[in-house]
Amino acid sequence: MTTAQERVDLLNKIGLAAQNKATLGQVLGTGSIGQATEGSDGRMQATIRINPDELTWDPSILVMPHGGDIELELVNDDLNTHCALLPSNGDRKFIWLVNHSRGRATLNLDGPGYYWFGSPTGNDEGRGLTGAIVVMGDAPPEARLDRPEQPRP
């Protein structure tokens, strides 16, 4: 669990507190921030859990250093059943998480940006069970718009 100041410090370190990027920290104002670990093969991994009686993902913001494959382990420590609807190129992934269960999902997020996930069961998302995976980096040259150079924050 991160304190409020640790959250601000981590948002600054990662670069999400800069102009045009602070919105993410304000939209997902609860929960913690985590970073994916990268193996020697370039594949990333992380664990995201639902703690008992909190209705937030932990971490609620997961940062990937670059695009690629990530293996997520999802843990539901809550006494209620939830699920996870996760982004992935080509097709979304759905995992049913009964109380005190865990599941695994392999995602491919190859471009930089914010990828949202949640639990569409009941009113979980409306009560706060939403999160984001932030993929750092710049768009490749072939994906950039043909327009004049824009000022960068």
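The name an unreviewed UniProt entry gives the protein is Copper oxidase, with Streptomyces hirsutus as the organism.

### Overview of the overall build of the protein
Along the backbone of the protein there are two helices and 11 strands. Taken from the N to the C terminus, the helices and strands of the protein come in the order α-α-β-β-β-β-β-β-β-β-β-β-β. The proportion of buried residues among the 153 residues of the protein is 39%. When contacts within the protein are restricted to residue pairs at least 6 apart in sequence, those whose partners lie at least 24 apart make up 59%. Looking at the protein as shown, the accessible area adds up to about 8700 Å², and 48% of this sits on carbon and sulfur atoms.

### Thoughts on the nonpolar core
Ranked by internal contacts, the top residues of the largest apolar core, which has 24 residues, are Ile70, Leu72, Leu86 and Ile133. Mapped by element, the contributors of at least two residues to this core are strand S3 (44-50), strand S5 (61-64), strand S6 (68-76), strand S7 (82-86), strand S8 (93-97), strand S9 (101-109), strand S10 (113-118) and strand S11 (130-135). When neighbours within four sequence positions are excluded, Leu72 is seen to be in contact with Ala46, Ile48, Leu62, Leu86, Gly103, Arg104, Ala105, Leu107 and Ile133.

### Side note on the pattern of salt bridges
Following the criterion strictly, the structure yields four salt bridges and no others. Of the charged contacts, one joins Arg49 and Asp77 as a salt bridge, the two residues approaching to 2.5 Å between their closest N and O atoms. Note that Arg49 is positioned in strand S3 and Asp77 in the loop between S6 and S7, a separation of 28 residues in sequence. For Arg49, a relative accessible area of 26% gives the class partly exposed. What makes Asp77 partly exposed here is its relative accessible area of 23%.

### Let's talk about the environment of Gly122
Residue placement: Gly122 occurs in the loop between S10 and S11. Sequence-wise, Gly122 and Cys83 are 39 residues apart; in three dimensions their C-alpha atoms are separated by 10.0 Å.

### Description of a nonpolar patch on the surface
A cluster of nonpolar side chains, namely Phe94, Trp96 and Val98, defines an oily patch on the protein surface of about 320 Å² accessible area. Inspection of the secondary structure puts Trp96 in strand S8. Classification of Trp96 by relative accessible area gives partly exposed; the value is 48%.

### Some thoughts on the side chain of Ser101
Along the chain, the position of Ser101 falls in strand S9. Judged by relative accessible area, Ser101 falls into the buried class, the value being 16%. Ser101 has contacts with Leu74, Val75 and Asn76, leaving out every residue within four places of it along the chain.

### With respect to the environment of Met136
Tracing the backbone shows Met136 in the segment after S11. Taking relative accessible area as the criterion, Met136 reaches 25% and is therefore assigned partly exposed. Between the alpha carbons of Met136 and His66 there is a distance of 5.1 Å; along the sequence they are 70 residues apart. Sequence-distant contacts of Met136, defined by excluding residues within four places in its chain, comprise Ile14, Val63, Met64, Pro65, His66, Gly67 and Pro112.

### Some thoughts on unusual backbone geometry
Cis geometry is adopted by the peptide bond preceding Pro59, which originates at Asp58 and carries an omega value of 5 degrees. Here Pro59 shows up in the loop between strand S4 (57-58) and S5. Within the chain, Asp53 stands out as a residue other than glycine whose phi angle is a positive 60 degrees. Among the structural elements, Asp53 can be located in the loop between S3 and S4. In the Ramachandran plot, Leu55 falls in the positive-phi region, its phi being about 50 degrees despite a non-glycine side chain. In this structure, Leu55 sits in the loop between S3 and S4. By relative accessible area, which is 16% here, Leu55 ends up buried.

What counts and how
Each chain has its residues counted from 1, running along the sequence as written. Side-chain atom pairs in this predicted model are given and counted only at pLDDT of 80 or more, local residue features only at pLDDT of at least 70, and totals for whole chains, interfaces and linings cover all residues. Each side-chain value is derived from all of the structure's non-hydrogen atoms; neither hydrogens nor water enter the calculation. Strands here mean DSSP runs of E at least two residues long; helices mean DSSP runs of H or I at least four residues long; both are numbered from the N terminus. Any residue under 20% of the maximum accessible area for its type is buried, any over 50% is exposed, and the rest in between are partly exposed; the area is computed with a 1.4 Å probe on protein chains only. Contacts between residues were defined by any pair of non-hydrogen atoms, one from each residue, lying within 4.5 Å. Computed by Shrake-Rupley with a 1.4 Å probe, the accessible areas treat only the displayed protein chains as cover when residues are assessed. For our purposes a nonpolar core is just a set of buried Ala, Val, Leu, Ile, Met, Phe, Trp, Tyr and Cys residues, chained together by side-chain atoms within 4.5 Å. By definition here, a salt bridge exists when the distance from a side-chain nitrogen of Lys or Arg to a carboxyl oxygen of Asp or Glu is within 4 Å. A residue counts toward a patch only above 30% relative accessible area and without a salt bridge, and it is joined to like-charged neighbours within 9 Å or, for Val, Leu, Ile, Met, Phe, Trp and Tyr, to nonpolar neighbours within 5 Å.

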